[in-house]
Structures are given as C-alpha cells and as structure tokens.
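# Coordinate inspection notes
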Amino acid sequence: MHRGYLDDILAFSVVGRERSFTRAAAQLGVSQSSLSHTIRELEARLGVRLLTRTTRSVAPTEAGERLLKNIGPRLEEIDAELSAVRELREKPAGTVRITATEYAADAILLPKLATLLPKYPDIKIEIVVDYGLSNIVADGYDAGVRSGEQVAKDMIAVRIGPDLRMAVVGSPSYFRKRPELKKPQDLISHNCINLRLPSHGGLYAWEFEKGDRELKVRVDGQMTCNGAIQMLNAALAGHGLAYIPEEMAKPHMAKRRLKRVLSDWCSPYSGYHLFYPSRRQSSAAFNLVVDALRHRS
C-alpha cells in the first residue's frame, strides 16, 4: 500500500459519510482547506474522481460509492481492533455488579474470584444476593446468575458451574416422628421449610422430575426463609424438610446430620450461568470477570 493511503482513505470515508467537508473537518480535527487538499491528492493518485462537489453539496461518485461500500466496514474493524489493543495497555479497573442466589455466590462466585482479584487490585466486585433476579438492566447490574433454563433468550449466557441437583433433606430427629416419603405428593403431610421469593412475594414450589413426569409441589410448614443457608440450618435444627442444592447438603449427610429422601425424583439440571445483555464494548474489567468465572470442564 502506498504510504499515506490509509489516512487519506479514512479522511475520504468521513467526508463521504457526512456529505460535508465542514462536518468531516470538525470530526477529524483539521481545516477544510487541508481536508480538501488531501482528497484531491488521493483522487490524483488513484486517477479517478471520488467526490462530486458543488457549492451546496458533496456526494460520492460511482467510484467513491464503491470505495465507501467495500472499504468503510474494514476501516471500522481496524478502528475497533486498535481500540481493543489500546485498552490492553491500560490497567483494568472499575466496579462489576453481579446479582446471584446465596448458594451461587458462596459456591461459585467467591472461590473463582479469589484468584482474579489479587492480580487486579483496581477491579471491584459487588455481589448482591437476590432470589428474585427480576431485571438486571433496570436494576443496574452488569450481570446475573441463574440456572441455564432460567436465562432469557435475548441474554448472553456463559456457563460458570457444573450441572446441579436439588435434595430434600431433614434431620434424623425429624424423621423419627414422621411417616416415610415415597413420592413428592407425600410432602403435603410433612412439615416443610418454605422459601419466599422476594420479587414476587410468593413461596417457591418444589420441582421434581422422574422420567417423563414433572411435578411442582406447593408445600406447607411452620418455617419460611428467604435464603438457602437459613433453610439448611432450620433443617439441621429439626424444624422440617428443606429443598436445597445437593452439594450444600452433602457434608451434613456424610456425618448423618441430615437424611435425604426422594432422591430418585431429583434429576440433574443445567448448572449456573452468568448472563448479561449484549455489549459491543464491554470493559476490560468485565471481560476479565467473565473469563475467570467461565466453567472449564
């Protein structure tokens, strides 16, 4: 490529897009006379007119239109790549706000971010525990965490954890006083620990699946909580049955502090995903957070 062509073609593309030397000169930060001279030199080197000039208007010729159509998008790509490269020399900084359930925050976000944050002291993370997860854009979050099935189709979803299973558990003391459970419908006669969803004000219906059968059971009991940790502690204290993530219950089942029931009705489901709206120009800090959270099986 002839030296100086790239700058001249960029100048031409701005004039062609704006249809005005005045506006193009203002964007480029040069004088109108200097810009006009640049375009004339480019036309002379190419041996073809690129612009038709009158006292009132500027318009690309057929050759000019062809150049704009084929070169314009490439110039935008080059500019975007140069911006990305420039960003690499800057220290990633800023606050990334994420909303998630309590278990997702404790089991996924905190362990993975522990390796990222010491490397980038100018990155700050704000984690807000919320079981509602209503609208991350309206509520000012950069991203949210949900299971794969719950992520809206218009969002970008990045898997950040393995598949999950839920578990129905209770203390040994609780089961000594209660009949055995064989199917989800038997929960109706049991004292169950409910989860209240803040965004809707309602109680979460326990979900079960076995083969082709899917059930949602609205349970009842003396205790209602708004977080999984509280449900676990209530179950350990003998207040009733809890429906919590399997990994949360496992340590207590191993020590026989909790007993599990209906395991054949608790099928694996898509694990946690980080979701966020499409962004053409995400910050370096946000991109680093996404990469650190990404699940690598």
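Residues numbered from 1 in each chain as written. Predicted model: local features only at pLDDT ≥ 70, side-chain atom pairs only at ≥ 80, totals over all residues. Heavy atoms only, no water.

On a plain count of helices and strands, the chain comes out with nine helices and 14 strands. Over its C-alpha atoms the chain spans a radius of gyration of 30 Å, topping by over 25% the 19 Å that the globule rule assigns to 297 residues. Across its three principal axes, the chain shows a C-alpha extent of roughly 95 × 40 × 30 Å. Put simply, the chain has 297 residues, and 41% of those count as buried. The long-range share in the chain, meaning contacts at least 24 apart out of those at least 6 apart in sequence, stands at 73%. For the chain, the exposed surface amounts to about 17500 Å²; the carbon and sulfur share of it is 50%. Positive and negative side-chain charges of the chain, numbering 43 and 34 respectively, have mean locations separated by a distance of 3 Å. (Helix = DSSP H or I, 4+ residues; strand = E, 2+ residues; numbered from the N terminus. Rg over C-alpha atoms; globule rule 2.2 N^0.38 Å. Buried < 20%, exposed > 50% of the residue type's maximum accessible area, 1.4 Å probe, protein only. Contact = heavy atoms within 4.5 Å. Areas by Shrake-Rupley, 256 points an atom, 1.4 Å probe, with all protein chains shown as cover. Lys, Arg positive; Asp, Glu negative; His and termini not counted. Charge placed at Lys NZ, Arg CZ, Asp CG, Glu CD.)

Relative to the helices and strands, Lys124 resides in strand β4 (residues 123-129). Sequence spacing of Lys124 and Leu197 is 73 residues, and the spatial spacing of their C-alpha atoms is 28 Å. Apart from the residues lying within four places of it in its own chain, the contact partners of Lys124 are Gly94, Thr95 and Val96.

With that out of the way, let us pick up the nonpolar core. If you look at the biggest cluster of nonpolar residues, it comprises 41 residues, and the most contacted ones within it are Leu109, Val145 and Leu274. Broken down by element, this core gets its largest block of residues, seven residues, from helix α5 (residues 102-116). Judged by nonpolar contacts, the second largest core, of 17 residues, contains Leu181, Cys192, Leu241 and Leu262. (Core = buried A, V, L, I, M, F, W, Y, C linked by side-chain atoms within 4.5 Å.)

Attention now moves to the sheet that holds strand β6 (residues 156-159). Sheet architecture is open: five strands sit in the order β4-β3-β5-β14-β6, paired in mixed fashion. Edge positions in the open sheet fall to β4 and β6, since each of these has one partner strand only. Pairwise comparison of adjacent strand axes, ignoring direction, gives a mean angle of 30° for this sheet. Packing against the sheet, helix α9 (residues 284-293) makes contact with β3 (94-100), β4, β5 (143-147), β6 and β14 (272-276), and its axis sits at approximately 40° to β3. (Pairing = 2+ DSSP bridges. Axes fitted to C-alpha atoms, helices over the stretch in contact; angles between N-to-C directions.)

With a phi angle near 55°, Arg19 is a residue other than glycine that sits in the positive phi range. Structurally, Arg19 is set in the loop between α1 (5-18) and α2 (21-28). Residue Arg19 is classed as partly exposed on the basis of its relative accessible area, which comes to 37%. The phi torsion at Arg256 lies on the positive side, around 60°, for a residue other than glycine.

So, on to α2. Structural remark: α-helix, 3.6 residues per turn; residues separated by three or four positions point the same way. Every buried residue of α2 is accounted for by Phe21, Ala24 and Ala25. Looking down the long axis of α2, one finds its buried residues gathered within 100° of arc, a one-sided arrangement. Where α2 begins, the capping side chain belongs to Ser20, and its oxygen is found 3.2 Å from the backbone nitrogen of Thr22. Where α2 ends, the next residue or the one after it, Gly29, has phi of about 75°, a positive value. (Arc of directions from axis to C-beta. Polar contact = N/O pair within 3.5 Å; in protein donor to acceptor, adjacent residues only side chain to side chain.)

For the rest of this paragraph, the subject is the pattern of salt bridges. According to the stated counting rule, one finds 13 salt bridges in the structure shown. Here Arg19 makes a salt bridge to Glu65, at a shortest N to O gap of 3.4 Å. Of the two residues, Arg19 sits in the loop between α1 and α2 while Glu65 sits in helix α4 (residues 62-88), which places them 46 residues apart along the sequence. Salt-bridge contacts for Arg165 lead to Glu246; the nearest nitrogen and oxygen are separated by 3.5 Å. With Arg165 in the loop between β6 and β7 (166-170) and Glu246 in helix α8 (residues 246-254), the pair connects residues that are 81 residues apart, well separated along the chain. Judged by its relative accessible area of 12%, Glu246 is buried. Each of Arg165, Glu246 and Arg260 takes part in a single network of salt bridges with overlapping partners. (Salt bridge = Lys/Arg side-chain N within 4 Å of Asp/Glu carboxyl O.)

What follows deals with the sheet that holds strand β12 (residues 242-245). Paired through their backbone hydrogen bonds, the strands of a sheet run either parallel or antiparallel. Judged by pairing direction, the sheet is antiparallel, and its three strands sit side by side in the order β12-β7-β13 without closing on themselves. Of all strands in the sheet, those bounded by a partner on one side alone are β12 and β13 (259-261). Neighbour to neighbour, the strand axes of the sheet diverge by 50° on average, direction disregarded. Pairing between β7 and β12: four bridges, direction antiparallel. Of the residues in β12, the one forming a bridge with Met166 is Pro245. Running over the sheet, α8 touches β7, β12 and β13 and is turned about 105° from β12.

This brings us to the environment of Ala237. Position of Ala237 among the secondary structure elements: in the loop between α7 (228-236) and β12. Take Ala237: its relative accessible area is 53%, and that puts it in the exposed class. The spacing of Ala237 and Arg257 is 20 residues in sequence and 9.6 Å in space, taken between C-alpha atoms.

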